[in-house]
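Here's the letter readout for the chains.
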Amino acid sequence: MMRPKQAVVAWLLAGSVLLSVCAAWAAEPSAPAAKPSGAPIKVGHLASLTGSEANFGQSCDRGVQIAAEERNAAGGVLGRPVEISVVDDQSKNQEVNNCMMKLIQQDQVVAVVGEIASSNTMAAIPTAQKYKVPLVTPGSTNPEVTKRGDYVFRICYTDEYQGRVIARFAYKRLGTKNAAVITDQASAYSINLSKIFTDEFTKLGGKVAVEVAYKKTDSEYNAQVNQALQAKPDLLVLTGYYTNVGNIVQTARKAGFEGPCVGGDGWDADTLYQIGGKALDNTYFTNHYTPDDPNPKVQAFIAKYKSRHGAVPDAMAILGYDAAMVVFDAIQRAGATEGPKIRDALAATKDFVGLSGTITIDAERNAKKNIVVVGIKDAKQYLKEAWKDE
Ligand code: PHE
């Protein structure tokens, strides 16, 4: 029998032997990956490269392209190179179907990454279902998206969670009680996020004093802002996308509103800071990632992205990268390129370590992910709070 002290020493010794074995193994120069060969496996990217949400599509595409490059450098998929076919829907819902048809019929893609805006992803679903081509959205958070077809997956959280976090943050951290909610009436994302916020904020004891709608094509927002401010709110809730948000916050500040404004992931784009500038002080939004994440994989990606594009990646770049990597991984595990087989492999995705967190696809084809609350000061974002469920 070993005495306790001896036992500990024995364990430590065994541990250090194991550690040095691991270290030697890790230090061994890994055999260079075999160069992929044969016909490329094509994966589509449905994106808003131009138009009102151009930042989303462009950032996402940069992430998708880096993922393909890294996967090819690591041997490709099933020994073949992967190739991305990107189509631009111009941020227009009515263009989505043509884009999907081009990807499927002309480019012969085996799966599609996209879209970002929930309304656009929804518009892509009937075609994906019809041709049995899996559709993996990096960023569409509207709960409805993955309910519309068994070929549709998402690798991000849903607005059921995001809307609750915005409400709790506003009520508990900011101490606000009387909200004006301002919604993009053509966006499924915005409409639903406003609703979830309202339900939760009211449940907590807050009040939604007024609900105001706008169209993303409106050129100015004086009428909406006046209507909102008449209710004397202590909080503005903006559930739309960055271009409108930047303009509305500007208008509200000019009209004398100094209180906090909050919103969701649709805020995250460089253009927001260009439009909103200093008016964005004391505003907050929930997001999928923070550049302050110390994870070395995230920091390595940020460094690579910066050296290429001269900017820190936004959440879309990170999510685009993760979505593409999840698709490549599924094709590899499927051992085949037929839609139904890739679909099944996607559904079985478990503990996939991405830049935006660990991705496990659940029975509803959703992923449970962490949320961060970002604050803005001097037109720059900072990590306000890594949200822990409460
Ligand atoms: N979540 C938004 C939607 O569903 C899109 C989005 C994702 C925007 C990620 C920014 C970052 O419409």
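The shown structure was predicted, so the numbers you read here are calculated from the model rather than taken from an experiment. (Residues numbered from 1 in each chain as written. Predicted model: local features only at pLDDT ≥ 70, side-chain atom pairs only at ≥ 80, totals over all residues. Heavy atoms only, no water.)

**Digging into the site of the ligand**
Logical step 1: Surrounding the ligand, one finds 13 residues, the nearest of these being Ser118, Gly139, Thr141, Tyr241 and Asp265.
Logical step 2: In this structure, Gly139 approaches the ligand through a main-chain N or O atom, which is 2.8 Å from a nitrogen atom.
Logical step 3: Between the ligand and Thr141, the relevant distance is 2.8 Å, taken from a nitrogen atom to a side-chain nitrogen or oxygen of the residue.
Logical step 4: Notes on the ligand: free accessible area 330 Å², of which the protein chains cover 100%.
Logical step 5: Residue composition of the shell around the ligand, grouped by class: 6 nonpolar, 6 polar and 1 charged. (Near = heavy atom within 4 Å. Polar contact = N/O pair within 3.5 Å; in protein donor to acceptor, adjacent residues only side chain to side chain. Areas by Shrake-Rupley, 256 points an atom, 1.4 Å probe, with all protein chains shown as cover. Nonpolar A, V, L, I, M, F, W, Y, C, P; charged D, E, K, R; others polar.)

**Thoughts on the domain arrangement of the protein chain**
Logical step 1: Per the domain assignment, the segments of the protein chain are domain 1 (4–156 + 293–359) and domain 2 (159–287 + 373–386).
Logical step 2: If you look at the interface, domain 1 gives 17 residues, while domain 2 gives 19 residues.
Logical step 3: A combined buried area of about 1,400 Å² lies between domain 1 and domain 2, and 43% of that area is made up of carbon and sulfur atoms.
Logical step 4: Counting the surface domain 1 buries against domain 2, the share from its top three residues, Asn55, Phe56 and Thr141, is 34%.
Logical step 5: For the interface between domain 1 and domain 2, the tally reads 1 salt bridge.
Logical step 6: A salt bridge links Lys216 to Glu53, with the shortest nitrogen-to-oxygen separation between them at 2.8 Å.
Logical step 7: At the junction of domain 1 and domain 2, the tally comes to 14 residue pairs in polar contact (both at pLDDT 80 or more).
Logical step 8: Split into classes, the residues belonging to the side of domain 1 that touches domain 2 amount to 7 nonpolar, 8 polar and 2 charged. (Domains from an automatic or database assignment. Contact = heavy atoms within 4.5 Å. Buried area = accessible area lost by both parts, 1.4 Å probe. Salt bridge = Lys/Arg side-chain N within 4 Å of Asp/Glu carboxyl O.)

**Notes on the sheet that holds strand 5 (residues 152–154)**
Logical step 1: One open sheet accounts for 5 strands, arranged 2-1-3-4-5; its pairing is parallel. Every interior strand has two partners, whereas the edge strands, strand 2 (82–88) and strand 5, have only one. When the angles between neighbouring strand axes are averaged without regard to direction, this sheet yields 25 degrees.
Logical step 2: Examined bridge by bridge, strand 1 (residues 41–47) and strand 2 share 7 bridges and lie parallel to one another. The partner of Ala47 across the bridge, within strand 2, is Asp88.
Logical step 3: Packed on one face of the sheet, helix 2 (residues 54–73) meets strand 1, strand 2 and strand 3 (111–114) and runs near 170 degrees to strand 2. (Pairing = 2+ DSSP bridges. Helix = DSSP H or I, 4+ residues; strand = E, 2+ residues; numbered from the N terminus. Axes fitted to C-alpha atoms, helices over the stretch in contact; angles between N-to-C directions.)

**Observations concerning the pattern of salt bridges**
Oppositely charged side chains can pair when the atoms bearing their charge come close.
Logical step 1: Under the definition given, this model contains 17 salt bridges.
Logical step 2: One salt bridge connects Glu200 with Lys203, and the closest N-O pair in it is separated by 3.9 Å. With Glu200 and Lys203 both in helix 6 (residues 188–204) and 3 residues apart, this pair spans about one turn of that helix.
Logical step 3: Given the relative accessible area of 70%, Lys203 is considered exposed.
Logical step 4: Where Asp378 meets Lys278, a salt bridge forms, and the shortest distance between an N and an O atom there is 2.4 Å. Here the residue Asp378 occupies a position in the loop between strand 13 (372–377) and strand 14 (380–386), and Lys278 occupies one in the loop between helix 9 (270–276) and strand 10 (283–287), the gap between them amounting to 100 residues.
Logical step 5: Using a relative accessible area of 42% as the deciding quantity, one classes Asp378 as partly exposed.
Logical step 6: Through salt bridges that share partners, Lys278, Asp281, Lys377 and Asp378 make up one connected network. (Buried < 20%, exposed > 50% of the residue type's maximum accessible area, 1.4 Å probe, protein only.)

**A few points about the packing of helix 3 (residues 96–106) against helix 4 (residues 118–130)**
For any two helices packed against each other, one specifies the inter-axial angle together with the distance between the axes.
Logical step 1: Between helix 3 and helix 4, the shortest axis-to-axis distance is 9 Å and the interhelical angle comes to 45 degrees. In terms of orientation, helix 3 and helix 4 fall into the oblique class. Classified by chirality, the crossing of helix 4 by helix 3 is right-handed. Residues Val96, Asn97, Met100, Met101 and Ile104 of helix 3 touch helix 4, and the partners they reach there are Asn120, Ala123, Ala124, Thr127 and Ala128.
Logical step 2: Considered class by class, the residues forming the contact of helix 3 with helix 4 number 7 nonpolar, 3 polar and no charged. (Parallel < 35°, antiparallel > 145°, perpendicular 65-115°, else oblique. Left-handed = near helix turned anticlockwise from the far one by under 90°.)

**A few points about the side chain of Asn142**
Logical step 1: With respect to the helices and strands, the residue Asn142 is situated in the loop between strand 4 (135–137) and strand 5.
Logical step 2: On the basis of relative accessible area, Asn142 is assigned to the buried category, the value being 5%.
Logical step 3: Setting aside residues no more than four positions away along its own chain, Asn142 makes contact with Ser118, Met122, Arg154, Asp159, Ala188, Tyr189 and Asn192.

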